[in-house]
Amino acid sequence: MTDELLNKALRVYPDTLSLLKDGWPTPLVRLRSESREGREVWAKLEFYNPFSRSVKDRPVWNMLRKALETGLGKPVVYEATSGNVGIALAALCNILGLKLRAFLPRSPPPVTVKLLEILGAEVVETQYESITPEFWRWVAELAEKEGALNLNQFENDANPEIHYETLARELVEQLEAVGRRPDYVVAGIGTSGHIYAIYKRLRERYGGSVKVVGVQPSPGSRIPGIKRVETEPKWLKSVELYALYDVSFEEAALGVVEVARREGLLVGLSSGAVYRAYKKLSEREGGGTYVLVFPDDIFKYVDSVHAALHRH
Ligand code: PMP
């Protein structure tokens, strides 16, 4: 039945979970406005993932799958989240018949709360300022005490694992299909799951010729999804970064606007930050093949990007 129904080439799927697994690879697109003689720029569009419309569908699915495989059989999931992980998890819990209790930091983005509620998750607003180790450890302990499942994207190796097996592998295959070899990859850092996986696979494939560049919010700026490296994301210590760029909220928002106006793509704030970092990098480095990872799209951030546009 499933095989009959699945027609990947024509994009016919037997159920919504297949939209994720059989929807890969996400597109890799050349940015024409930035490509010229001696320089080529490619963007990996992670908002083509179906649930949170972000890079986070991949690790949430893998962490959940692994937890269910171990037969823990817990019907409720507790997770500390303020964004894409919560949305992906709420969606996947619905598909898999689980319940989600999402623990959010103080004053969470209103859109996230609305999306979680629409998806049927129970939302618990806490007094934590942001998602710190103290916060996620508290949620992990509570889950343990109350017999709930806790995935913890910050510590769970199933997070980078799936990026290595899918996202990073797709990048290599897609670039090789068009006869390209990457010189620079620019990516944001949150848990460090995807930048680490890309670093690992591309280094294995291309050796030291590929330079991985990280992007973090500048001091005092908040850019949803990415964090400063002082927060010591678990896998970053295994990455040799070629450069690390600080990008302010305003720069990220204006990056979003620039991508929209030049390429017609409505990308999210961390993508805008990646784009700004790429601009700084390419001014310094000049030519080469650049790959930018765009983690999500604009729709959760429309108001804040629009407000930034009007301040300038
Ligand atoms: N951008 C956005 C919008 C995200 O949701 C995330 C995930 N927190 C990231 C970037 C960073 O990804 P990672 O956790 O793999 O470092």
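## Digging into the sheet that holds strand β4 (residues 99-104)
One open sheet accounts for three strands, arranged β3-β4-β5; its pairing is parallel. Sheet topology places β3 (76-80) and β5 (122-125) at the edges, where each strand pairs with a single neighbour. Across the sheet, the mean angle from the axis of one strand to that of its neighbour is 20°, orientation sign disregarded. Across four bridges, β4 lies against β5 in parallel orientation. Along β5, the bridge assignment pairs Phe-103 with Val-124. Along the sheet, helix α4 (residues 84-96) contacts β3 and β4; its crossing angle with β4, the most-contacted strand, is approximately 170°.

## Focus on a nonpolar patch on the surface
On the surface, a cluster of nonpolar side chains totalling about 200 Å² of accessible area is made up of Leu-68, Ile-95 and Leu-96. When you line up the elements, Leu-96 lands in helix α4.

## Digging into the pattern of salt bridges
By the definition in use, this model includes 26 salt bridges. The partner of Arg-65 in a salt bridge is Glu-69, with the nearest N and O atoms 3.9 Å apart. Placement of both Arg-65 and Glu-69 in helix α3 (residues 57-69) is noted, with a separation of four residues, approximately one turn of the helix. Overall, the relative accessible area of 56% leaves Glu-69 in the exposed class. Salt bridges sharing partners connect three or more residues here, namely Glu-34, Arg-39, Glu-258, Arg-262, Arg-276 and Lys-279.

## Here we look at the site of the ligand
The immediate surroundings of the ligand are formed by 15 residues, with Asn-84, Gly-190, Thr-191, His-194 and Ser-270 found nearest. In the environment of the ligand, an oxygen atom lies 2.7 Å from a nitrogen or oxygen atom belonging to the side chain of Thr-191. Its free accessible area being 390 Å², the ligand has 95% of it covered by the protein chains. Across the shell around the ligand, the residue classes tally to five nonpolar, eight polar and two charged.

## Observations regarding the domain arrangement of the protein
By the assigned domains, the protein splits into domain 1 (3-49 + 166-311) and domain 2 (57-146). Distance between the C-alpha centres of domain 1 and domain 2: 24 Å. The partner domain 2 presents 11 residues to the 17 residues of domain 1 that form the contact. Interface area, domain 1 with domain 2, both sides summed: about 1200 Å², of which 58% is carbon and sulfur. Three residues stand out in domain 1 for area buried against domain 2, namely Leu-17, Leu-20 and Lys-300, and they jointly supply 43% of the buried area on that side. Counting across the domain 1 and domain 2 interface gives two salt bridges. Salt-bridge contacts for Glu-46 lead to Arg-58; the nearest nitrogen and oxygen are separated by 2.8 Å. In this assembly, domain 1 and domain 2 are joined by seven residue pairs in polar contact (both at pLDDT 80 or more). Taken together, the elements giving at least two residues each to the side of domain 1 that touches domain 2 come down to α2 (16-21) and α7 (158-177). By residue number, the principal contributor to the side of domain 1 that touches domain 2 is α2, which donates four residues.

Conventions we followed
- Residues numbered from 1 in each chain as written.
- Predicted model: local features only at pLDDT ≥ 70, side-chain atom pairs only at ≥ 80, totals over all residues.
- Heavy atoms only, no water.
- Pairing = 2+ DSSP bridges.
- Helix = DSSP H or I, 4+ residues; strand = E, 2+ residues; numbered from the N terminus.
- Axes fitted to C-alpha atoms, helices over the stretch in contact; angles between N-to-C directions.
- Contact = heavy atoms within 4.5 Å.
- Patch = residues over 30% accessible without salt bridge, like charges linked within 9 Å, V, L, I, M, F, W, Y side chains within 5 Å.
- Areas by Shrake-Rupley, 256 points an atom, 1.4 Å probe, with all protein chains shown as cover.
- Salt bridge = Lys/Arg side-chain N within 4 Å of Asp/Glu carboxyl O.
- Buried < 20%, exposed > 50% of the residue type's maximum accessible area, 1.4 Å probe, protein only.
- Near = heavy atom within 4 Å.
- Polar contact = N/O pair within 3.5 Å; in protein donor to acceptor, adjacent residues only side chain to side chain.
- Nonpolar A, V, L, I, M, F, W, Y, C, P; charged D, E, K, R; others polar.
- Domains from an automatic or database assignment.
- Buried area = accessible area lost by both parts, 1.4 Å probe.

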